[in-house]
Amino acid sequence: MGHDRVVRNRPIVGVRAQRHVMGIRGTSPANSGTTPDSQLVYHRISPPTSWSNVSLTELWAFRDLFGILAQRDIKVRYKQTLLGIFWVVLQPLATALIFAAVFGGFAKLPSDGAPYILFVFAAMLPWNLLAAGLTRAGNSLIGDAGLISKVYFPRIIIPIASLSACLLDFAVTCGVMIVLSALLGTGPSLTWLAVAPLTVLVFVVILGTSLFFSALSVYYRDFKYLLPFAIQAWMYGSPLVYATSLIPPRWQVLYHLNPMAGIIDGFRWALLGGREFPATGLLMAVPEALAIFLVGLYVFQRVERSFADVI
Amino acid sequence: MAQYAIQAHGLSKAYRISPERGPAQYRTLRETLVEASRRPFRRRSERSDIFWALDDVSFDVEQGEAIGFIGRNGAGKSTLLKLLSRITRPTRGTADIYGRMGSLLEVGTGFHPELSGRENVYLNGAILGMSRADIRRRFDEIVAFAEVERFLETPVKRYSSGMYMRLAFAVAAHLQPEILVVDEVLAVGDTAFQAKCIGKMEDVASEGRTVVFVSHNMAAITQLCSKVVLLESGVVAASGSPDQVIARYLGSGNQQGRADLSRRNRPAESGGAAFEWAEMRNADDEICQDFSIGDDVRVAFGLRLAPTKPRTKLVLAIKAADGTPVALISQDDSGFSLGSDRDSWNISVDFEDIRLYPGSYHVTLWATDGTNSEEFDRVEDALVFRIVDGGRLTMRHLPRYAGIIFLTPRWRSRPGELAIQASAGPADKGTAHG
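Throughout what follows, the structure given in this document is the object of discussion.

Procedures and definitions
Residues numbered from 1 in each chain as written. Chains lettered and ligands numbered in written order. Predicted model: local features only at pLDDT ≥ 70, side-chain atom pairs only at ≥ 80, totals over all residues. Helix = DSSP H or I, 4+ residues; strand = E, 2+ residues; numbered from the N terminus. Buried ≥ 20, exposed ≤ 12 C-beta atoms within 10 Å, placed from the backbone. Contact = placed C-beta atoms within 7 Å. Pairing = 2+ DSSP bridges. Axes fitted to C-alpha atoms, helices over the stretch in contact; angles between N-to-C directions. Core = buried A, V, L, I, M, F, W, Y, C linked by C-beta atoms within 7 Å. Domains from an automatic or database assignment. Bend = angle between axes of the 7 residues up to and from the residue.

**Things to note about the overall build of chain B**
Along chain B, the regular secondary structure elements total nine helices and 18 strands. Counting over 434 residues, chain B shows a buried share of 40%. Across chain B, every contact between residues at least 6 apart in sequence was considered, and the portion connecting residues at least 24 apart equals 73%.

Spelled out as structure tokens, the structure:
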């Protein structure tokens, strides 16, 4: 540190020399010293303005915290369980089997040619990421209330970190998909590469919704209870257990106001093979995802500044 | 030439308190909707009371200086720390911060019980603002300071509370910011641990870092800080050398040995009972603040119970000026209990022949429910009294703070031989300063 000009006066108890009486700024005798040392980080604390920018440089400075929080969420999740990480495989597989039995077996919903279990599993890749990410990230701020009221860091790290922790589950589920596809379907093909940009797209949707729900649940715990219902309703409004072709043509545009429709169709196109590229659906999903993200970000930064006072 | 680490100018923080609910409680959507529909044309700010936790607070802190903030509960100390450490933002005013700031408002923030000691060091370090590389570099030092080498891979939920505290403080102590902001973390832990904490903070201060410290512990403040600011009801009441400001703090509010407590700020009360006033009287039943050793002292106070007249238990604590506990006096020890047929009581507690060394002492009043599980009211430093030199018992000039308890044991001597007896009883111990 470069300020060794300041000699610390360590007084002995009782014979203390008063160095300078503090008071209103300007009355202090050392005005000559007010220029900051150029090596020191300078920060001004001031009342919030209407747009407190989410600073990317600040987020970068806290990148380690981001990684460590995500790591914490992953490590903690399956602590003291017997099966540990196998739950990540078991959960979607069991759900897919139930869906295949109920909707494919009994209800005989059409699956556009593919084996029903593959049909539903391909859709569950983005959907489970959304459901798990939104549930975790949506409640993340309340869960870390202790941190928010005791330490400063960009609050947005919390929902993003817990959402990122869900990407591990997603990767494992992708592995399961590869195995299932090799066993029951066409096996890997080049279109599988499209999963990467599609995942970015679904991530943007989750980010927006998570920021929205997590921020508002700090103020109104109602959102915490609303969230599971919202996710469930959203599931039935998305082509998870049925095909998009089931929706009558005149409702298709309305139906695709849900970006997950295009995204799920995209995943099916990429993973199942032999289908038409869902151009319209994805064309709608991209701006929708961006809009959701911007709304979520706006709401989040608007209410972020008073989290510590409210939580 | 001085350089500033912090320049605060007119910092103010307002909180909204809705009359029917406590401050800072979250609301349900329904309540907001109901409220909004009831009074659709009123603005939010008009609807509720504004409470200024801090009001126009200005101060400067030089680089390398250790500054202490003192004040009663509710004076705004914690709010100030929260503003400085950017947890919340001011309503008005600014503060310029020169240097990387690390704040420690709680020991073990973010510790996760399921994670191992090692994992928590990284987690906690990152939360406090250290990078992964920083933590890795200091990891061994942290572990050695905390003395938990053998338990690094054990989840911290299996740690003893002592180990937990040591590890948590070790991480914080190895945070190396240019400005360290510390709240009353030292209030926890045993005496040895507190001494270790203070020692570490002195090291930090002597390395030329700036320390901002908030505490009720006057001994710690005196030891650590070269400058002290006294906050009262959100404004700077005094600032300057520790001795002067601490004296002002201890003497404030009850110059005449009587204090009106009904308007004094304190932590949220549960409402079971509240102290209204307190006073001290001498043997002649005069209100008095100065006593001599051996005097009779009466502490009296007014207590108002809630209409339900809950069972109430009263406790007094006496502390020396530097915060050292002198006595905790419970009604149980004297076999006293309060009747349950009235909701307003005047209570007196008589000390006969008080045997304290010259110095200032402060009295804290507590009212809890019968089982000590709920605190009805607590007034820190409700009264301050002095024991002054002189009086019927003192035969010599007594130095201030040479001790706490004034003992006059019976001394005896008998003729002895020069032979040294190994098995003799303990050597005579009387007043050490005879």
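**Quick look at the sheet that holds strand β17 (residues 359-369) of chain B**
Residues and elements named next belong to chain B. The strand order β12-β18-β17-β14-β15 describes an open sheet built from five strands, whose pairing is mixed. Across the chains shown, the open sheet's two edge strands, defined by having one partner strand only, are β12 (290-292) and β15 (325-330). Each strand of the sheet is rotated relative to its neighbour by a mean of 30°, with strand direction disregarded. With nine bridges connecting them, β17 and strand β18 (residues 375-388) associate as antiparallel partners. The residue bridging T368 from the neighbouring strand is E375, located in β18.

**Concerning the nonpolar core**
The biggest cluster of nonpolar side chains holds 187 residues, and the ones touching the most others in it are V120, A122 and I157 of chain A together with V211 of chain B. Of the domains in this structure, domain 1 (4-14 + 56-249) and domain 2 (258-388) of chain B are the two that each give at least three residues to this core. In this view, A122 of chain A contacts M177, F267, R268, L271 and L272 of chain A; residues no more than four positions away in its chain are not counted.

**Observations regarding the sheet that holds strand β6 (residues 179-182) of chain B**
Residue and element names in this part refer to chain B. The strand order across the open sheet built from six strands is β5-β6-β7-β3-β8-β9, with neighbouring strands paired in mixed fashion. The open sheet has two edge strands, β5 (101-104) and β9 (235-240), and neither has a second partner. Neighbouring strand axes in the sheet, compared pairwise and without regard to direction, differ in orientation by 15° on average. Note that strand β3 (residues 66-70) and strand β8 (residues 227-232) share four bridges and pair parallel. Following the sheet pairing, F69 is matched in β8 by V229. On the sheet, helix α3 (residues 77-84) packs against β3, β5, β6, β7 (210-214) and β8 and is oriented at approximately 145° with respect to β7.

**Structural notes on the environment of P242 of chain B**
Relative to the helices and strands, P242 of chain B is located in helix α9 (residues 242-251). Taking the C-alpha atoms as reference points, P242 of chain B and S226 of chain B, separated by 16 residues in sequence, lie 6.6 Å from one another.

**Observations regarding helix α5 (residues 132-146) of chain B**
All names here are of chain B. Most pronounced at R138, the bend in α5 amounts to some 55°. All buried positions along α5 are accounted for by I135, R138, I142, V143 and A146. Where α5 is buried, its residues contact α4 (117-127) and α6 (161-173). Phi turns positive one or two residues past the end of α5, at E147, with a value near 55°.

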